[in-house]
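# Summary of structural features
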Amino acid sequence: MSGDETWDPFRLPPTLLKEGRYHLHDSIGAGAVAQVWSATDHHKGITCAVKLMEVPVGSREEVAMRFLAEAQVMGRLRHPNIPHVYDIGRDEGFFWFVMELAPGGTLSERLAAVGQLDPLESLRITFELLQALEAVHRAGLVHRDVKPDNVLFDADGAAMLADFGIARHAQGRAHKLTRPGSLLGTRGFRAPEQEQDSTDVDRPADLYGVAATLYTMVVGEPPKKLWFACREESLVGTIPGLVYPVIAGGAAEHREERFESARAMAEGVAQVYDLMARRADSPLRGDEWMGRFDRLLEEVEPSPPQQQGLGRWLPGWLTGLFG
């Protein structure tokens, strides 16, 4: 095991990081290999989130590469619907990176509390996810794990797409973290092609994850074979009628039958929102939404996180776009 048996992904980290700049407070989330803590950034005078992972040993080195790659991706993407990473480092046997805090919790937590969401609210959240995904895709990246667990909410309730731990570059590189035949992502939110091999899945797989997330919001439980249900039209009558075309357009069995882009899917969402809002006597905002969508893309400027000493741990090939 090359010492793997000594690795504990949930060993308590030090309270202070980077010579006291970051003071950790409470654990606010945990995944398979990392924890997220609320913290104070004493230099900026703000509350932030710190994601930590104990430095692995032996054959678990790939886990560290994915963790550091996630920091690189999130630091590169500057968009209001993506938590921004602005620092990264290593202290006392832990890799860590610092990102803006999303105090509204996750979509999974919200669904666990209320069951299902109002269709209009579900469409708003979906639209904001697609805003984030269009920026991700234009950067040449594929998220590969869009699901309620990875949707956060900021202080104003806006949705944010997080956890880029298994993202890949759409065009790939000579060095890849994903081995052929690997199965990544989450059952129920993986596109059919991703169920076979996650190595070369492209942007349509992310749109499938968005459709499955929208389904979960309006139905109150995650889908199983959503592509099959859409093909058989067995969802008709199960979900709000106007929402069905959006879900079906994102979750089609064959990726060439899905929306052609995140922006195209967002247009569909905005149109459905307008129709449903008109029936509910709510203000129509579809055109306004698309104007904001395009405006945000124009404002996106890549900005990598601070990398003081990062080169000691991160292979040179990983500082670029990766697979």
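Note that the structure is predicted; figures quoted are calculated from it, not measured. (Residues numbered from 1 in each chain as written. Predicted model: local features only at pLDDT ≥ 70, side-chain atom pairs only at ≥ 80, totals over all residues. Heavy atoms only, no water.)

## Overview of the nonpolar core
Ranked by internal contacts, the top residues of the largest apolar core, which has 79 residues, are Phe164, Leu226, Leu235 and Ile247. Residue contributions to this core peak at 11 residues, all from helix H5 (residues 203-219). Other than its neighbours up to four places away in sequence, Ile247 contacts Ala211, Leu214, Tyr215, Val218, Leu226, Cys230, Leu235 and Ile239. In terms of nonpolar packing, the next biggest core, distinct from the first, is built from 12 residues, Leu17, Tyr22, Leu52 and Trp96 among them. (Core = buried A, V, L, I, M, F, W, Y, C linked by side-chain atoms within 4.5 Å. Buried < 20%, exposed > 50% of the residue type's maximum accessible area, 1.4 Å probe, protein only. Helix = DSSP H or I, 4+ residues; strand = E, 2+ residues; numbered from the N terminus. Contact = heavy atoms within 4.5 Å.)

## Observations concerning the environment of Gly105
Counting through the fold element by element, Gly105 comes out in the loop between strand S6 (94-100) and helix H2 (107-114). The exposure class of Gly105 is buried, given its relative accessible area of 18%. Each C-alpha atom, one on Gly105 and one on Ile28, is 8.7 Å from the other, the two residues being 77 residues apart in sequence. With residues near it in sequence (within four places) discarded, Gly105 still touches Val151, Leu152 and Phe153.

## Some remarks on unusual backbone geometry
Non-glycine residue Glu19 carries a positive phi angle of around 55 degrees. Inspection of the secondary structure assignment puts Glu19 in the loop between strand S1 (16-17) and strand S2 (22-30). On the basis of relative accessible area, Glu19 is assigned to the exposed category, the value being 87%. Look at Arg144: it is not a glycine, yet its phi comes out positive at around 75 degrees. For Arg144, the position within the fold is in the loop between strand S7 (141-142) and strand S8 (151-153).

## Digging into the pattern of salt bridges
For the structure shown, the criterion picks out 15 salt bridges. A salt bridge links Asp87 to Lys18; the shortest N-O distance between them is 2.8 Å. Pair noted here: Asp87 is in strand S5 (residues 85-91) and Lys18 is in the loop between S1 and S2, with a separation of 69 residues, a long-range link. For Asp294, the salt bridge is made with Arg263, and the minimal N-O distance between the two is 2.7 Å. Here the residue Asp294 occupies a position in helix H9 (residues 286-299), and Arg263 occupies one in helix H8 (residues 262-279), the gap between them amounting to 31 residues. (Salt bridge = Lys/Arg side-chain N within 4 Å of Asp/Glu carboxyl O.)

## What about the layout of surface pockets?
Its boundaries defined by the atoms lining it, the largest pocket holds a volume of some 1100 Å³. Contributing to the lining of the largest pocket are 39 residues, with Ala30, Gly31, Lys51, Asn150 and Asp163 lying nearest its centre. A per-element tally of the lining of the largest pocket places helix H1 (residues 61-76) first, with 6 residues. Among the residues making up the lining of the largest pocket, the classes are represented as 20 nonpolar, 9 polar and 10 charged. (1 Å grid on protein atoms, 1.4 Å probe; cavity = no way out; pocket = protein on both sides within 12 Å on 5 of 7 lines; lining within 4 Å. Points joined across faces, edges and corners; volume = space filled by probe spheres on them. Nonpolar A, V, L, I, M, F, W, Y, C, P; charged D, E, K, R; others polar.)

## Side note on the packing of helix H3 (residues 119-138) against H9
Direction vectors running N to C along H3 and H9 enclose 25 degrees, while the axes themselves pass 10 Å from each other. As summarised for this structure, H3 and H9 are arranged roughly parallel, according to the angle between their axes. The hand of the H3/H9 crossing is right-handed. Taking contact as the criterion, the partners of Leu123, Arg124, Phe127, Leu130, Gln131, Glu134, Ala135 and Arg138 in H3 are, on H9, Trp289, Met290, Arg292, Phe293, Leu296 and Leu297. Residue composition of the contact of H3 with H9, grouped by class: 9 nonpolar, 1 polar and 4 charged. (Axes fitted to C-alpha atoms, helices over the stretch in contact; angles between N-to-C directions. Parallel < 35°, antiparallel > 145°, perpendicular 65-115°, else oblique. Left-handed = near helix turned anticlockwise from the far one by under 90°.)

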